Amino acid sequence: MEGGDLQQWWEWVTPFLRRMGPLSNAVEYAGMIATAGWAVISLCGFLLLPPPLEKRECKGLARVLGVVFGIMLAALYLLNRRAEDSIDLVPVAVASLGAGIVLFLGYLLVRRLLTYRCVDDEKQYLGGLRLQPDAKLVLAGDFAGLPEERQIKVGSPPKTAQAYFCLSDRDDPAWIWTKGSLDTAWWLMVVLYFVTMLALATGLSAMALELHEDQIEVSETATDRVVTIPTTLLFDFDSATIAKGSDGYLETVARMLADVKVQKVRVVGHTDGFGEEAYNQRLSEQRALAVRNWLAGRGGLANVAFEVFGAGEKEPKHRETDDNGQDRPEARHANRRVEVIFSKS
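Chemist: I tried to follow the nonpolar core on my own but got confused; where do I start?
Modeler: Soluble globular proteins tend to bury their nonpolar side chains together. Leu 234, Leu 257, Val 265, Val 291, Leu 295 and Val 340 are the most contacted members of the largest nonpolar core, which totals 26 residues. Where this core is concerned, the elements lending two or more residues are β4 (224-230), α8 (247-259), β5 (264-270), α9 (277-296) and β7 (337-343). For this core, the leading source of residues is α9, giving 6 residues. Ignoring anything within four residues of it in the chain, the contact list for Leu 257 reads Val 262, Val 265, Leu 295, Leu 301, Val 340 and Phe 342.

Chemist: Teacher, can you tell me more about the sheet that holds β7 here?
Modeler: Strand pairs in the sheet, formed through backbone hydrogen bonds, run parallel or antiparallel to each other. The 5 strands are arranged β3-β4-β7-β5-β6 in an open sheet whose pairing can be described as mixed. Every other strand in the sheet has two partners, leaving β3 (217-220) and β6 (305-312) as the edge strands with one partner each. Between one strand and the next, the sheet's axes are offset by a mean angle of 20°, whatever the strand orientation. Where β4 lies against β7, 7 bridges are found, and the strand directions are antiparallel. Directly across from Ile 229, in β7, lies its bridge partner Val 338. Where α8 meets the sheet, it contacts β3, β4, β5 and β7, and its direction lies at approximately 175° from that of β4. Sitting on the sheet, α9 touches β5, β6 and β7, and the angle it makes with β6 is about 155°.

Conventions we followed
Residues numbered from 1 in each chain as written. Predicted model: local features only at pLDDT ≥ 70, side-chain atom pairs only at ≥ 80, totals over all residues. Heavy atoms only, no water. Core = buried A, V, L, I, M, F, W, Y, C linked by side-chain atoms within 4.5 Å. Buried < 20%, exposed > 50% of the residue type's maximum accessible area, 1.4 Å probe, protein only. Helix = DSSP H or I, 4+ residues; strand = E, 2+ residues; numbered from the N terminus. Contact = heavy atoms within 4.5 Å. Pairing = 2+ DSSP bridges. Axes fitted to C-alpha atoms, helices over the stretch in contact; angles between N-to-C directions.

Dropping the structure here:
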């Protein structure tokens, strides 16, 4: 048995994401490209659905976001560069994207409630959270004792604060709302926007880096070349059947073997240490055999002598628990693999 909790869920999802035919590479890099592009666009002073800020404020916020996005993307990449030191990005991606979506919906709601435009005026205004005392009286239809500029002499009194502001033909929302409440509304919009964009960018980056983590790796010993294939590229969760859409990865391996005209190849399956040892041993053998059968048959390597082994959970690449005994899902993920080994000479 393999995986657990969010990592197990990810093991179900990633094979589907990787098997989109010609679009698989685009999906794999979409998050990183989107975040990097987002950072560059922000540095240039552009924002998506920004709060109603002055031009200089808007560009300043955009550039701060751009710098933060760039630092965050670089930090996630560096933290995840080596499996021994990497963090588990699955919960980071899920939590960040989930929080980002909720925050974005909240931001849109607050934006709708606090911002407005007047007829024939392209400028977007930000309303406050508390009305001026005189403005309250006007909206209540009580004009007694109000100064001349507050009197409504033509038509009926306005029904909303936004309508009153537009009717007043003034540029300063402080005519309707208190200065303190306008400042509070401004900070609410800016902070909510900043946190929302940061959460979405973090989620996209983490998802992209987690997808990018699964790649065919080639390493060398003193005598052999070892091609390591993460099982997520070839198999569905807990399956030993080559999954539909995975042929491209095995074709890459078959070309490597054909190019060096190998005569003998060892195929070794590995699992993580989760679950029963006997089950893992059997699964590793079945997966190694499935890879061997594909390479010998569809890979055009029928004349190559294959040796098939199942190492089960006995030969992990990385420790699956830390010094405190806590589980390391990213290490388990890296340990689930099939190795194709052949001589360098």
